[in-house]
Amino acid sequence: MTKLVGVLLLAMSVGAAAEEGVSDGAIVIGQTIGLTGIIAAPVKEMNEGVNAYLATVNQQGGVHGRKIELRVLDDKFDPKLAAANAETLIKNEHVFALFQSRGTPHTEAILPLLDQNKVPLIAPSTGAAIFHTPVNHWVFNVRAKYQDEVIRGVEHFATVGVDRIGLLYVDDSFGKDGLEGYEKAMAARKLTSPAIVKFARVNPDYDATAAQVIKAQPNALIIVSSSKNTIDIIKAIRKNGGAMQIMTLSNNSSQSFVKDLGPAGVGVIVSQITPAPHLLSTKLGQEFKAAAKANNATLSYAAMEGFVNAKVLVEGLRRAGRNLNREGFVRAMESMQRTDFGGLMVTYGPDDHTGSEFVELTMIGKDGKFVR
């Protein structure tokens, strides 16, 4: 009888300690992202990188004996649907954590749910400053800030003697974050802007926007916008005679972006927030190439971002130990101090959830490949 009571008490204590999304054999992670819609192509590449790494981990037995299950819902790049999907994943699917949302307004829409339900979000694919300052207990960024990318672009143009640097940005929280970085960089260099132009995220008038930019005659233009809109506005600028140097941000680093841009993409500068996917001189590059080959993933910067994000997630789960719970996971993530992921340094702490500050510039060459 005493032995039976002991067994029952042990079962009850184990049940009471069990965390949402965690079972003996699995850890369930949720993702809401635009599988369809205007960012579907780069999202496909990103998730190929994620799945390549998770497949490798699961084939090796998972994390502390648990396989990682990724449950993905399509938000069609719609912020309202992103919030609804996140709620479904948390309350109906009972995921342990959310992972790699995409888009600034889309991730903003998720934030209230994190605090309400005490659920972490790892590696949102947005570099907006709002997710860095003030520090959100539940959000762990991996990629560098968009503002750092814009600042690097302004510094590059100014260094090579280009001082008429314009900005074209999408009229949402993503674009406004880029605008803030641009204004900081221009002020620091004591430069006057020839053009600050905004356009709608949904159904913009590309020809009218291109005409407005061209009329201002900038020698260089930084574009802060999502993939499809950036492609179409660059094509409109080139079609209407705009010959200025163009730069865009790392959210447009996919191979599909280069392919769809076609001849209009030659010479376009793209900032990157990971080392090159084909760089075999780094451990990260070697791991990525092997996993990509084994899982038919695209060798692209977008896929590399997904691969890195998955590595950071798994490292946090490993550090959290077998008795996994959300608060313990947060503490485990915060224990990463200058952790080298094979060529990319990531740092967290109770007062710092930024992750990486890696930014470098590349250019699209005539062969459709990124040149460092």
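How each quantity is defined
- Residues numbered from 1 in each chain as written.
- Predicted model: local features only at pLDDT ≥ 70, side-chain atom pairs only at ≥ 80, totals over all residues.
- Heavy atoms only, no water.
- 1 Å grid on protein atoms, 1.4 Å probe; cavity = no way out; pocket = protein on both sides within 12 Å on 5 of 7 lines; lining within 4 Å.
- Points joined across faces, edges and corners; volume = space filled by probe spheres on them.
- Helix = DSSP H or I, 4+ residues; strand = E, 2+ residues; numbered from the N terminus.
- Nonpolar A, V, L, I, M, F, W, Y, C, P; charged D, E, K, R; others polar.
- Salt bridge = Lys/Arg side-chain N within 4 Å of Asp/Glu carboxyl O.
- Buried < 20%, exposed > 50% of the residue type's maximum accessible area, 1.4 Å probe, protein only.
- Expected span 1.5 Å × (residues − 1).
- pLDDT = per-residue confidence, 0-100.
- Contact = heavy atoms within 4.5 Å.
- Pairing = 2+ DSSP bridges.
- Phe/Tyr/Trp six-rings, centres within 6.5 Å; stacked < 30°, edge-to-face > 60°.
- Polar contact = N/O pair within 3.5 Å; in protein donor to acceptor, adjacent residues only side chain to side chain.
- Arc of directions from axis to C-beta.
- Axes fitted to C-alpha atoms, helices over the stretch in contact; angles between N-to-C directions.
- Parallel < 35°, antiparallel > 145°, perpendicular 65-115°, else oblique.
- Left-handed = near helix turned anticlockwise from the far one by under 90°.

A.B. asks: I'm lost on empty space enclosed by the protein in this one. Help?
C.D. replies: By rolling a water-sized probe across the atoms, one finds the places where empty space is left. Within this structure, the stated rule accounts for three cavities of 30 Å³ or more. Of the pockets and cavities examined, the largest cavity occupies roughly 130 Å³. Per-element tally for the lining of the largest cavity: the top contributor is helix H4 (residues 104–117), with three residues. Broken down by class, the residue content of the lining of the largest cavity amounts to six nonpolar, eight polar and three charged.

A.B. asks: Hey, could you run me through the layout of surface pockets in this one?
C.D. replies: The calculated volume of the second largest pocket comes to roughly 190 Å³. The wall of the second largest pocket is formed by Ser 253, Gln 255, Pro 277, His 278, Leu 299, Ser 300, Tyr 301, Lys 369 and Phe 370. Taken together, the residues of the lining of the second largest pocket break down into four nonpolar, four polar and one charged.

A.B. asks: What am I meant to see in the pattern of salt bridges here?
C.D. replies: Any two side chains of opposite charge can pair, given that their charged atoms come close. Enumeration over the complete set of coordinates arrives at 14 salt bridges. For Glu 87, the salt bridge identified is with Lys 91, shortest N-O distance 3.0 Å. Here Glu 87 and its partner Lys 91 are both found in helix H3 (residues 79–91), four residues apart, which amounts to about one turn of the helix. Relative accessible area serves as the criterion here: at 34%, Glu 87 is assigned to the partly exposed category. Arg 143 is the salt-bridge partner of Glu 305, the closest N and O atoms lying 3.0 Å from each other.

A.B. asks: What is the right way to look at helix H11 (residues 301–320) in this model?
C.D. replies: Given 3.6 residues per turn, any residue in an α-helix points the same way as the ones three and four places further on. For H11, which comprises 20 residues, the first-to-last C-alpha distance of 29 Å matches the rise-based estimate of 28 Å (1.5 Å per residue) to within 8%. In terms of burial, H11 is largely enclosed, as 18 of its 20 residues are buried. Gly 321 occupies a position one or two residues after H11 and carries a positive phi of about 85°.

A.B. asks: Whenever I open this one, the confidence of the model for the chain confuses me. Can you help?
C.D. replies: The predicted coordinates ought not to be read in detail in places where the model reports low pLDDT. Mean pLDDT over the chain works out to 94, with 95% of the residues at or above the 70 mark. The model gives residues 1–17 a pLDDT under 50, and that stretch makes zero contacts with residues more than four places away or in other chains.

A.B. asks: I tried to follow the sheet that holds strand S12 (residues 345–349) on my own but got confused; where do I start?
C.D. replies: What the three strands build is an open sheet, ordered S11-S12-S13; its pairing is antiparallel. Both edges of this open sheet fall to strand S11 (339–340) and strand S13 (352–355), since each of them pairs with a single strand only. Judged from the two bridges that link them, S12 and S13 form a sheet pairing that is antiparallel. What sits directly across from Gly 349, in S13, is Asp 352.

A.B. asks: Which parts of the structure should I look at to understand the packing of aromatic side chains?
C.D. replies: Ring pairs (aromatic) are described by centroid distance and by the angle formed between their planes. Overall, the coordinates contain six aromatic pairs when judged by the stated rule. Ring geometry for Tyr 53 versus Phe 307: centroids 5.2 Å apart, planes at 85°, classification edge-to-face. Here Tyr 53 is found in helix H2 (residues 40–59), whereas its partner Phe 307 is found in helix H11, with 254 residues between them in sequence. Of the two residues, Tyr 53 and Phe 307, neither departs from the other in class, the shared state being buried.

A.B. asks: Help me out: how do you make sense of the environment of Ile 39 in this one?
C.D. replies: Position of Ile 39 among the secondary structure elements: in the loop between strand S1 (26–33) and H2. For Ile 39, a relative accessible area of 1% gives the class buried. Ile 39 sits 102 residues away from Asn 141 along the chain, and the two C-alpha atoms are 20 Å apart. Setting aside residues up to four positions removed in sequence, Ile 39 forms contacts with Gly 34, Phe 77, Arg 102 and Ser 226.

A.B. asks: Looking at this structure, I do not really get the side chain of Gln 31. What am I missing?
C.D. replies: With respect to the helices and strands, Gln 31 occurs in strand S1. Within polar-contact distance, the side chain of Gln 31 engages the side chain of Asn 47 at 3.0 Å. Here Gln 31 is in contact with Asn 47, Leu 70, Arg 71, Val 72, Leu 73, Leu 89, Phe 99 and Gln 100, once residues within four sequence places are set aside.

A.B. asks: What exactly am I supposed to notice about the environment of Pro 105 here?
C.D. replies: Relative to the elements of secondary structure, Pro 105 occurs in helix H4. Residue Pro 105 is classed as buried on the basis of its relative accessible area of 16%. Once the C-alpha coordinates of Pro 105 and Asp 78 are considered, the two residues, 27 residues apart in sequence, prove to be 8.7 Å apart. Sequence-distant contacts of Pro 105, that is, excluding residues within four places in its chain, are made with Pro 79, Asp 172, Ser 173 and Phe 174.

A.B. asks: Looking at this model, I keep getting lost on helix H7 (residues 206–216). Mind explaining?
C.D. replies: If you check which residues of H7 are buried, you get Tyr 206, Thr 209, Ala 210, Val 213 and Ala 216. Down the axis of H7, the smallest arc covering the buried residues is 125°, so these residues share one side. The opening residue of H7 is Asp 205, an N-cap whose side-chain oxygen sits 3.4 Å from the backbone nitrogen of Asp 207. Gln 217 sits one or two positions beyond H7 and adopts a positive phi of about 55°.

A.B. asks: I'm lost on the packing of H7 against helix H8 (residues 227–239) in this one. Help?
C.D. replies: Two numbers describe a pair of packed helices, the interaxial angle and the distance between the axes. In contact at an axis separation of 9 Å, H7 and H8 are set at 60° when each is read in the N-to-C sense. In terms of orientation, H7 lies oblique with respect to H8. The element H7 and its partner H8 pack so that their crossing is right-handed. Contact residues: Tyr 206, Asp 207, Thr 209, Ala 210 and Ile 214 in H7; Lys 228, Asn 229, Asp 232, Ile 233, Ala 236, Ile 237 and Lys 239 in H8.

A.B. asks: How should the sheet that holds strand S15 (residues 370–371) be read in this particular structure?
C.D. replies: Two modes of strand pairing occur in sheets, parallel and antiparallel, and in both the strands are linked by backbone hydrogen bonds. Within the open sheet, the seven strands sit side by side as S7-S6-S8-S9-S10-S14-S15. Their pairing is mixed. Only two strands of the sheet have a single neighbouring strand rather than two, namely strand S7 (196–199) and S15. Where strand S6 (residues 165–170) and S7 come together, four bridges link them in parallel fashion. Across the sheet, residue Val 170 finds its bridge partner in S7, namely Phe 199.

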